[in-house]
2 protein chains.
Amino acid sequence: MVANVPLDAADAEACGLTRVPVDLGARSYEIVIGRGALAEAGARIAEVLPGSRAAIVTDETVAGLHLEALRASLDAAEVGHEVITIPAGEASKCFSMFQTVCERVLDAKLERGDAVIALGGGVVGDLAGFVAASVRRGMPFVQLPTSLLAQVDSSVGGKTGINVRHGKNLIGAFHQPSLVIADTAVLDTLSPREFRAGYAEVAKYGLLGDAGFFSWLEANHAAVFAGGPEREEAVAASCWAKAAVVADDEREAGRRALLNLGHTFGHAMEAVVAYDGARLVHGEGVAIGMRMAFDFSVELGLCSPEDGARVETHLTAVGLPTTLADIPGQMPPAETFLDIMAQDKKVSRGALTFVLVRGIGEAFVERGVDPARVREFLARELERESAAR
Amino acid sequence: MVANVPLDAADAEACGLTRVPVDLGARSYEIVIGRGALAEAGARIAEVLPGSRAAIVTDETVAGLHLEALRASLDAAEVGHEVITIPAGEASKCFSMFQTVCERVLDAKLERGDAVIALGGGVVGDLAGFVAASVRRGMPFVQLPTSLLAQVDSSVGGKTGINVRHGKNLIGAFHQPSLVIADTAVLDTLSPREFRAGYAEVAKYGLLGDAGFFSWLEANHAAVFAGGPEREEAVAASCWAKAAVVADDEREAGRRALLNLGHTFGHAMEAVVAYDGARLVHGEGVAIGMRMAFDFSVELGLCSPEDGARVETHLTAVGLPTTLADIPGQMPPAETFLDIMAQDKKVSRGALTFVLVRGIGEAFVERGVDPARVREFLARELERESAAR
């Protein structure tokens, strides 16, 4: 992990930020992307939510790296604020932390027009967003995502929530932010493993609907990892892709489900390891899940084996896991995976819903997947896993 | 409390139900009102949410009276269902019960298109509605209100929530039901005190915007209490009034705040007695609060003393409390009330918002009420209270 990158307003002005609009009628908002964007947060929040006070929700790790820069920016814009720090890690996405943060926001005497600001990765954003959706039945919400995963995925689109023993994100709300600021310089502070995990979601946008972007990633992934202008380009392209899908289908009645490519398998793996980030983080589950979604599609005769192989090759090239054998520890039988998938939010009338593919860039939602076919596929994946250990 | 009224489909067909539409675009729904409506619940749910299973959330008291009738109606319509019973009383509107009911809905393996049905009064409706809003980020919700208060107020309009130590309903969601069924026969099972408390909200619709309805209530309140056709008329008139306001301003950006006539004072009184229903129930707080809102408006020179007196006379005539002295136990100083009101959801930029009146049927929202004027008024109310004891 490198040291905190110093940011100031002059940097931000100098560097030309990218703005991606999310078109949702009265709830439209902007994603501001670029190196140094965090230094502008105060001014932009004051512009979008004039006169508001704010509660910053962050975690202990992120607070040590970026909180001071954010507070300075809010002070400069005269945005009064309180800080609520939660423990880092997926375990904070739980009922008791939800209650604690709600109560802390009320302790701070924030009013209905004041803002909840999430400064952190997906955990902070999902939890703080559900708090913002629920306190006083909805307060304005600002996302300052500090992980690649949060910048390209979880901070955009309004999905918020917490985990329960039945599965991930099963309790929550759709609550759109008023503003998202993605400072790509803060990604310099991520561990390589965390950056890679976020990259799985970047690759996803290519795999689900943009073969050209996937080819571009095959050629430019090293520069995206190294932090050149290609990184901004990849983040912006991902946000454009997500914004288009969300604008089209805010509450996931149809097309938005495409964004779950790799997620039905991925969520099940996360549940299997009990959300133990030491064994598997979300983006890694998505990477393995996407490779499985391609291979399952190949097996169903929907997709060419060549496209399946290209996916596995690229994910491996950037260092992402692609098989169950890449997850440390014992795997349960196929039935356990199926039981977990049956609790997925995407289940409808007992039939499993999967995002399948006809090739790279050609994902589609299949609502009537036969659980027996999934069981067979999983059994073969598990055999492959045993053989590899 | 009288015995459970037998209900069957033949009764329902015979009695001609009233339907009140709530016009909210894609989220529009109907309120079905009349004696015997509960017997039709299964058929109507199957019509509005075809193919859905359901979780019935109810409390121990209501379950003993009406659960069997509802289950028979759901069975007849082949709507599979589970029952989740919570303890009766305001204390159930808390974080831990919210968590418990969410988990029970997930235990029942309900899917995103399945329904949460609230069978009960305001507590059950508010809690179950917040659960329906949050599980899988939103499931269809059906309200079967069994108290007068719930039938004319809390079941319509989509406000859901739980209480925290900072105040009532401070955590929740706007989540519109898909259907509301108000069976006025079930009101025969209410205690007189509970019926009266609900009647305060009925009177509110006259006081805030319909002087003619208030005059009608002055003439017909005995028949409304006795359970004649005037009762259906009063419930339907109240639902029409609420539906019009909600359709106009779903998320309380403006006109909907009129529905809070009497509620800023009322909520503060409820907080003062720590939501102890033995001392004060919601509708009683609203009755006292409405009388105070009229007298405060008289004191501010906005309303004639004659209208103020008419309000006090009518509320007293039906047996509702109208002064702080009517609340058993000690009252705190005015400052405590002000502190509580400063935490109200309706506070904006430090100024207190009150619903004031220019006369009966002429309420308006005043956003810049000087706390000093409120303090003086409360001090006089408290003097009157001490003198009366």
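An unreviewed UniProt entry lists chain A under the name 3-dehydroquinate synthase, with Stappia taiwanensis given as the organism. Its UniProt record gives chain A a comment under Catalytic activity (unreviewed entry), which states: "7-phospho-2-dehydro-3-deoxy-D-arabino-heptonate = 3-dehydroquinate + phosphate".

Peer 1: Any chance you could break down the relation of the copies chain B and chain A for me, citing the residues and the numbers?
Peer 2: One copy of the chain maps onto the other through a rotation about an axis followed by a shift along the same axis. Expressed as a screw operation, the relation of chain B to chain A combines 0.0 Å of axial shift with a rotation of 180 degrees, fitting to an RMSD of 0.0 Å. Given the turn and translation reported, the copies of this chain are related as if by a two-fold rotation axis. When the interface residues of chain B are mapped onto chain A, 100% of them again fall at the interface, so both copies present the same face.

Peer 1: Please provide a residue-by-residue account of the UniProt feature "domain: 3-dehydroquinate synthase N-terminal" (unreviewed entry) in chain A, values included.
Peer 2: On the UniProt side, "domain: 3-dehydroquinate synthase N-terminal" (unreviewed entry) is annotated at positions that read residues 84–196 of chain A here. Annotated as 34% helix and 29% strand, the span residues 84–196 of chain A places its first and last C-alpha atoms 28 Å apart.

Peer 1: Pulling in residues and values, what's your account of the pattern of salt bridges?
Peer 2: All names here are of chain B. Counted under the stated rule, the structure contains 45 salt bridges over all chains. With a shortest N-O distance of 3.2 Å, arginine 19 and glutamate 30 are connected by a salt bridge. Taken as a pair, arginine 19 in strand β1 (residues 18–22) and glutamate 30 in strand β2 (residues 29–34) lie far apart in primary sequence, 11 residues in all. By relative accessible area, which is 28% here, glutamate 30 ends up partly exposed. For arginine 310, the salt bridge goes to glutamate 218, with nearest N and O atoms at 2.8 Å.

Peer 1: Go over the domain arrangement of chain A, please, and point to the residues and values.
Peer 2: All names here are of chain A. In terms of domains, chain A is made up of domain 1 (9–189) and domain 2 (192–388). Taken together, the contact pairs 33 residues of domain 1 with 33 residues of domain 2. Viewed at the interface, domain 2 and domain 1 are joined by 5 salt bridges. When the shortest N-O distance is used, the salt bridge between glutamate 252 and lysine 159 registers 2.4 Å. Viewed at the interface, domain 2 and domain 1 are joined by 13 residue pairs in polar contact (both at pLDDT 80 or more).

Peer 1: Account for the environment of aspartate 370 of chain B, with residues named and values stated.
Peer 2: Residues and elements named next belong to chain B. Along the polypeptide, aspartate 370 turns up in the loop between β11 (363–369) and α14 (371–388). Exposure remark for aspartate 370: the relative accessible area of 41% places this residue in the partly exposed category. Along the chain, aspartate 370 and alanine 351 lie 19 residues apart, while their C-alpha atoms are 6.9 Å from each other.

Peer 1: With reference to specific residues and values, describe the environment of threonine 353 of chain A.
Peer 2: All names here are of chain A. Of note, threonine 353 is situated in strand β10 (residues 352–357). Given the relative accessible area of 7%, threonine 353 is considered buried. Sequence-wise, threonine 353 and methionine 341 are 12 residues apart; in three dimensions their C-alpha atoms are separated by 9.3 Å.

Peer 1: Residue-level account of the sheet that holds strand β3 (residues 54–59) of chain B, with values.
Peer 2: Residue and element names in this part refer to chain B. With mixed pairing, the 7 strands of this open sheet are ordered in space as β1-β2-β9-β6-β5-β3-β4. Of all strands in the sheet, those with a lone pairing partner are β1 and β4 (81–86), marking the two edges. For this sheet, the mean angle separating the axes of adjacent strands, direction not counted, is 15 degrees. Sheet topology note: the β2/strand β9 (residues 179–183) ladder contains 4 bridges and is parallel. Paired with valine 32 across the bridge in β9 is isoleucine 181. Running over the sheet, helix α9 (residues 229–248) touches β1 and β2 and is turned about 10 degrees from β1.

Peer 1: Summarise unusual backbone geometry; cite the residues concerned and give the values.
Peer 2: Residue and element names in this part refer to chain A. Residues other than glycine seldom take positive phi values, yet glutamate 78 does so here, at roughly 55 degrees. Within the element layout of this structure, glutamate 78 appears in the loop between α3 (60–76) and β4 (81–86). Owing to a relative accessible area of 73%, glutamate 78 belongs among the exposed residues under this scheme. Positive phi, normally seen in glycine, also occurs at lysine 109, with a value near 55 degrees.

Peer 1: Please set out the UniProt feature "binding site: Zn(2+)" (unreviewed entry) in chain A residue by residue, giving values where relevant.
Peer 2: All names here are of chain A. Listed under "binding site: Zn(2+)" (unreviewed entry) in the UniProt record, and renumbered for this structure, are Glu201, His263 and His282. Maximum C-alpha separation among the annotated residues is 10.2 Å over a sequence range of 82 residues, consistent with a single clustered spot. With respect to the secondary-structure elements, glutamate 201 resides in helix α7 (residues 192–209). Leave out the neighbours within four places in its chain, and glutamate 201 touches Leu149, Val152, Asp153, His263, His282 and Val286. Tracing the backbone shows histidine 263 in helix α10 (residues 263–272). Overall, histidine 263 belongs to the buried group, its relative accessible area being 5%. Filtering out sequence-adjacent residues up to four positions away, histidine 263 remains in contact with Glu201, Lys204, His282 and Val286.

Peer 1: Talk me through helix α11 (residues 282–299) of chain A; I want residue IDs and the actual numbers.
Peer 2: Residues and elements named next belong to chain A. In this model, α11 (18 residues) spans 25 Å end to end at C-alpha, consistent with the 26 Å of a helix rising 1.5 Å per residue. Among the 18 residues in α11, 16 count as buried, and that is most of the element. A positive phi of about 75 degrees marks glycine 301, the residue just after α11.

Peer 1: Can you lay out the side chain of lysine 242 of chain A for me, pointing to particular residues and giving the numbers?
Peer 2: Residue and element names in this part refer to chain A. Among the secondary structure elements, lysine 242 is positioned in helix α9 (residues 229–248). Residue lysine 242 is classed as buried on the basis of its relative accessible area of 5%. Polar side-chain contacts of lysine 242 include one of 3.0 Å to the backbone oxygen of valine 156. Once residues within four sequence positions are removed from consideration, lysine 242 is found in contact with Val152, Asp153, Val156, Tyr205, Arg256 and Leu259.

Peer 1: Which residues make up helix α2 (residues 41–48) of chain A, and what values do they have?
Peer 2: Residue and element names in this part refer to chain A. Of the positions making up α2, those classed as buried are Ala41, Gly42, Arg44 and Ile45. Seen along its axis, α2 keeps its buried residues to an arc of 165 degrees; they face one direction. Against β1 (18–22), β2 (29–34), α3, β5 (115–120), β6 (141–145) and β9 (179–183) lie the buried residues of α2.

Peer 1: Please provide a residue-by-residue account of the pairing of β1 of chain B, values included.
Peer 2: Bridge count between β1 of chain B and β2 of chain B: 5 bridges; the pairing is antiparallel. Looking across to β2 of chain B, one finds that proline 21 of chain B is bridged to glutamate 30 of chain B.

Peer 1: So what about the sheet that holds β2 of chain A? Which residues, and what values?
Peer 2: Residue and element names in this part refer to chain A. Pairing is mixed in the open sheet, where 7 strands are placed in the order β1-β2-β9-β6-β5-β3-β4. The open sheet is flanked by β1 and β4, the only strands paired with a single partner. Within the sheet, the average angular offset between the axes of one strand and its neighbour, ignoring direction, is 15 degrees. Bridge count for β5 against β6 is 5 bridges, and the pairing is parallel. In the sheet register, glycine 120 faces β6, and the bridge partner there is proline 145. α3 rests against β3 (54–59), β4, β5 and β6 of the sheet, and its axis sits at about 155 degrees to β3. Across the face of the sheet, α9 comes into contact with β1 and β2 while running at roughly 10 degrees to β1.

Conventions used here
- Residue numbers here run from 1 along each chain, matching the order of that chain's written sequence.
- Key to labels: chains lettered from A, ligands numbered from 1, both in the order written.
- Whole-chain, interface and lining totals are the exception, using all residues; otherwise, since this is a predicted model, local features are given only for residues with pLDDT of at least 70 and side-chain atom pairs are given and counted only at 80 or more.
- Side-chain calculation: all heavy atoms of the structure are included, whereas hydrogens and water are not.
- UniProt positions are given in the numbering used here, feature names are shortened, and annotations may be inferred rather than shown by experiment.
- Least squares is used to superpose the copies, and the fit set is the C-alpha atoms of residues whose pLDDT is at least 70 in both copies.
- Two residues qualify as a contact provided that any one of their heavy atoms is within 4.5 Å of a heavy atom in the partner residue.
- Helix and strand labels come from DSSP, where a helix needs a run of H or I of at least four residues and a strand needs a run of E of at least two; each type is numbered from the N terminus.
- Think of a salt bridge as a Lys or Arg side-chain nitrogen and an Asp or Glu carboxyl oxygen that are within 4 Å of each other.
- Exposure classes here rest on a 1.4 Å probe applied to the protein chains alone. A residue is buried below 20% of its type maximum, exposed above 50%, and partly exposed in between.
- Segmentation of the chain into domains, including their bounds, is taken from an automatic or database domain assignment.
- For this analysis, a polar contact is any N or O atom pair within 3.5 Å, provided that within protein one partner can donate a hydrogen and the other can accept it, and provided that sequence-adjacent residues contribute only side-chain to side-chain pairs.
- Only when DSSP finds a minimum of two bridges between them are two strands counted as paired.
- In this description, a line fitted to the C-alpha atoms serves as the axis of each element, helices being fitted only across the stretch in contact, and the angle between N-to-C directions of two axes falls anywhere from 0 to 180 degrees.
- Expected helix span is computed as 1.5 Å times (number of residues minus one).
- It is the directions from the helix axis to the C-beta atoms that the arc portrays.

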